[in-house]
Amino acid sequence: MPGVVVVGSQWGDEGKGKVVDFLTERADVVARYQGGNNAGHTVMFGDRKFVLHLLPSGIFRENKRVVLGEGVVIDPEALLEELDALSAQGVEVGDRLYISDAANLVMPYHKAFDKLREQWRGAGKIGTTGRGIGPTYEDKNARRGVRFCDFRPGYEAIFCARLKEILEEKNVLLRSHYRSDEALFDAEEICERYAVFYERVKPYLCDTSVLLNEALDAGQTVLFEGAQGTMLDVDHGTYPYVTSSNTISGGACTGCGVGPTKISRVIGITKAYTTRVGEGPFPTELKEGPVAAMLQDRGQEFGATTGRPRRCGWFDAMVVRHAARLNGLTDLAIMKVDVLDTLQTIRICVGYRDQQGNQYDTIPHWLGNYGGLEPVYEEMPGWNEPIDGITELKKLPQAARDYLQRLSELVGVPTLLVSTGPRREETIMLGDF
Ligand code: GDP
Ligand code: IMO
Ligand code: MG
């Protein structure tokens, strides 16, 4: 099987890390294609738990190669910290890690601007992770980004002069608009600091598009690991409450330099309910009440990157159907079904209605700006018994199987995998992979 994309179908944190780790056993290479350390991907097996922010979730499987493609924005300091932390826990990445030397770097001023802009927006803030991701993509698209290949030995003076030019503009903005004197940046100091990071990252740098295409041409299986989720995609999500990259499956091609003909399968990772971190519309959100509290508590819905509580609500078939179309989903992985164990009745959103009573069966693009859509629900009986850790479909109560069947039917995509607990082992496979 050649290229397989694993993509979030909601607002992120669906359980991509768990699925990528699980499927890597049957793959050869795992590549991240967008986002940066705004991601937090949890992998658990046996009694071990890891949260990855930059490194692909295939890293725990021996002999598998992992890649950070051109589309990923990399904070080298965060990357090195992650490598050191893993090494301290006995996980050696060694020569299995490959990083594109064309990947854009998160610079100290990107992190400063991310925080200052959010403060400046006040109540209208996006609720970013504060990792500098948006400002890094802004500079990349404005053609003033910094890439690993800029640190080419012998060209230090040229690079530093270019950074000085970039910083002139940044510092004017900091001083005049944000009235921030403390956060002014010095090119020499940054050049020196980043040269040290570069020396440590250098052994991993290469043209990862060449590596990935060679692997695909040799018939190897490459998993493309998405970060965030479809509803956070900069073009197709709840804009402007989105991240700054193309999170959808097409992003795997642009972000890794592989053609669309190399992708044969797209697996949509889907929570059996819905969560969102940060601001922005969320039609099926339960703002208060016992079900909201139960989802938060049983689902342990706290951000893996920032620790913020995640907003929780019912499954929204409008959202996942939108994801099925945008990503060309061939399979679903339905996660955290065990979290719903205690419910008598479960609701599923099957449409939206506005204040004038108009019905919607697709998501309008103005939802991010204006909100105001109410969900239309259907109800199903819950199973009201523990299913955590079950690994065979036939052992699930009939009501749980009916619920899973209904989700797949509403979304129009068959289910490959059902997850009944956070650990690698707590997984039901329904199809071939
Ligand atoms: P990602 O960003 O998509 O990789 O997801 P996160 O790691 O941010 O969040 C998913 C959370 O749910 C993590 O804490 C996982 O350990 C946990 N998780 C994943 N699958 C299951 C499951 O089937 N049941 C339960 N109870 N927890 C799960
Ligand atoms: P994973 O890969 C959930 C959200 C932030 C904010 C918006 C923009 O773990 O699923 P950014 O820092 O990217 O500019 O923030 O996107 N966000 C995520 N939400 N999971 C993530 O990643 C996220 N990465 C960013 O909360 O609303
Ligand atoms: Mg996450």
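Residues numbered from 1 in each chain as written. Chains lettered and ligands numbered in written order. Predicted model: local features only at pLDDT ≥ 70, side-chain atom pairs only at ≥ 80, totals over all residues. Heavy atoms only, no water.

J.: It is not clear to me how the overall build of the chain should be interpreted in this structure. Could you clarify?
T.: A count of helical and extended segments in the chain gives twelve helices and 20 strands. A compact globule built from 433 residues would reach a C-alpha radius of gyration of about 22 Å, and the chain, at 22 Å, matches this within 12%. Burial status across the chain gives 58% buried among its 433 residues. Summed over its atoms, the accessible surface of the chain is roughly 17900 Å², and 49% of this surface lies on carbon and sulfur atoms. (Helix = DSSP H or I, 4+ residues; strand = E, 2+ residues; numbered from the N terminus. Rg over C-alpha atoms; globule rule 2.2 N^0.38 Å. Buried < 20%, exposed > 50% of the residue type's maximum accessible area, 1.4 Å probe, protein only. Areas by Shrake-Rupley, 256 points an atom, 1.4 Å probe, with all protein chains shown as cover.)

J.: Would you explain the nonpolar core in this entry?
T.: In summary, soluble globular proteins display a tendency toward joint burial of nonpolar side chains. With 65 residues, the main nonpolar core has Leu212, Phe224, Leu340, Trp383 and Tyr403 as its most contacted residues. Beyond its immediate chain neighbours, meaning those up to four positions away, Phe224 contacts Gly3, Val4, Val5, Val6, Ala31, Tyr33, Leu212, Leu216, Ala252, Cys256, Val258 and Ile263. Formed by 64 residues, the second largest nonpolar core is a distinct cluster that contains Phe50, Ile74, Ile190 and Tyr198. (Core = buried A, V, L, I, M, F, W, Y, C linked by side-chain atoms within 4.5 Å. Contact = heavy atoms within 4.5 Å.)

J.: What should I look at first to understand the site of ligand 1 in this one?
T.: Close to ligand 1 lie 20 residues; Gly15, Lys16, Thr42, Asp338 and Ser419 are nearest. Separating an oxygen atom of ligand 1 from a side-chain N or O atom of Thr42 is a distance of 2.5 Å. Take Asp338: an N or O atom from its side chain is 2.8 Å from a nitrogen atom of ligand 1. Coverage of ligand 1 by the protein amounts to 93% of the 580 Å² it exposes when considered alone. Mapped by element, the contributors of at least two residues to the shell around ligand 1 are helix H1 (16–24) and strand S3 (41–45). Of the residues that constitute the shell around ligand 1, the class distribution is five nonpolar, eight polar and seven charged. (Near = heavy atom within 4 Å. Polar contact = N/O pair within 3.5 Å; in protein donor to acceptor, adjacent residues only side chain to side chain. Nonpolar A, V, L, I, M, F, W, Y, C, P; charged D, E, K, R; others polar.)

J.: Hey, could you run me through the side chain of Thr305 in this one?
T.: You can see Thr305 is positioned in the loop between helix H9 (290–298) and strand S13 (311–313). Sequence-distant contacts of Thr305, that is, excluding residues within four places in its chain, are made with Asn37, Asn38, Ala39, Gly40, His53 and Arg131.

J.: Please explain the domain arrangement of the chain as it appears in this structure.
T.: A common measure of how large an interface is: the accessible area buried when the components associate. The assigned domain composition of the chain is domain 1 (3–90 + 208–429) and domain 2 (108–204). Computed over C-alpha atoms, the centres of domain 1 and domain 2 are 30 Å apart. At the interface, 28 residues of domain 1 touch 20 residues of domain 2. For the pair domain 1 and domain 2, the two sides together bury roughly 2000 Å², of which 60% comes from carbon and sulfur. Broken down residue by residue, the surface that domain 1 buries against domain 2 is led by Val73, Pro76 and Leu80, which jointly contribute 25%. At the boundary of domain 1 with domain 2, the tally comes to seven residue pairs in polar contact (both at pLDDT 80 or more). Sorting the residues of the side of domain 1 that touches domain 2 by element identifies strand S6 (73–74) and helix H2 (76–88) as the ones contributing at least two each. The element that contributes the greatest number of residues to the side of domain 1 that touches domain 2 is H2, accounting for six residues. (Domains from an automatic or database assignment. Buried area = accessible area lost by both parts, 1.4 Å probe.)

J.: Please explain the packing of aromatic side chains as it appears in this structure.
T.: Any aromatic ring pair is given by two values, namely how distant the centres are and how the planes are angled relative to each other. Enumeration over the complete set of coordinates arrives at twelve aromatic pairs. Their ring planes at 75 degrees and their centres at 5.9 Å tell us that Phe113 and Tyr178 sit as a pair that is edge-to-face. Of this pair, Phe113 sits in helix H3 (residues 108–121) while Tyr178 sits in the loop between helix H5 (156–176) and helix H6 (187–201); the two residues are 65 residues apart in sequence, bridging distant segments of the chain. In this structure Phe113 comes out as buried when scored by relative accessible area, which is 3%. Linked through ring pairs, Phe45, Phe50 and Phe60 together constitute an aromatic cluster. Sitting above the plane of the Phe45 ring, Arg424 keeps its charged end 4.0 Å from the centroid. (Phe/Tyr/Trp six-rings, centres within 6.5 Å; stacked < 30°, edge-to-face > 60°. Lys NZ or Arg CZ within 6 Å of the ring centre and 35° of its normal.)

J.: Can you walk me through the site of ligand 2 in this structure?
T.: In the region of ligand 2, 20 residues are neighbours, and Asp13, Lys16, His41, Thr129 and Thr243 sit closest. Lys16 places a side-chain nitrogen or oxygen 2.7 Å from an oxygen atom of ligand 2. With respect to ligand 2, the backbone of Gly40 contributes an N or O atom lying 2.9 Å from an oxygen atom. In isolation ligand 2 has 550 Å² of accessible area, and contact with the protein removes 98% of it. Residues belonging to the shell around ligand 2 are distributed by class as follows: seven nonpolar, ten polar and three charged. No fewer than three residues from each of domain 1 (3–90 + 208–429) and domain 2 (108–204) sit in the shell around ligand 2.

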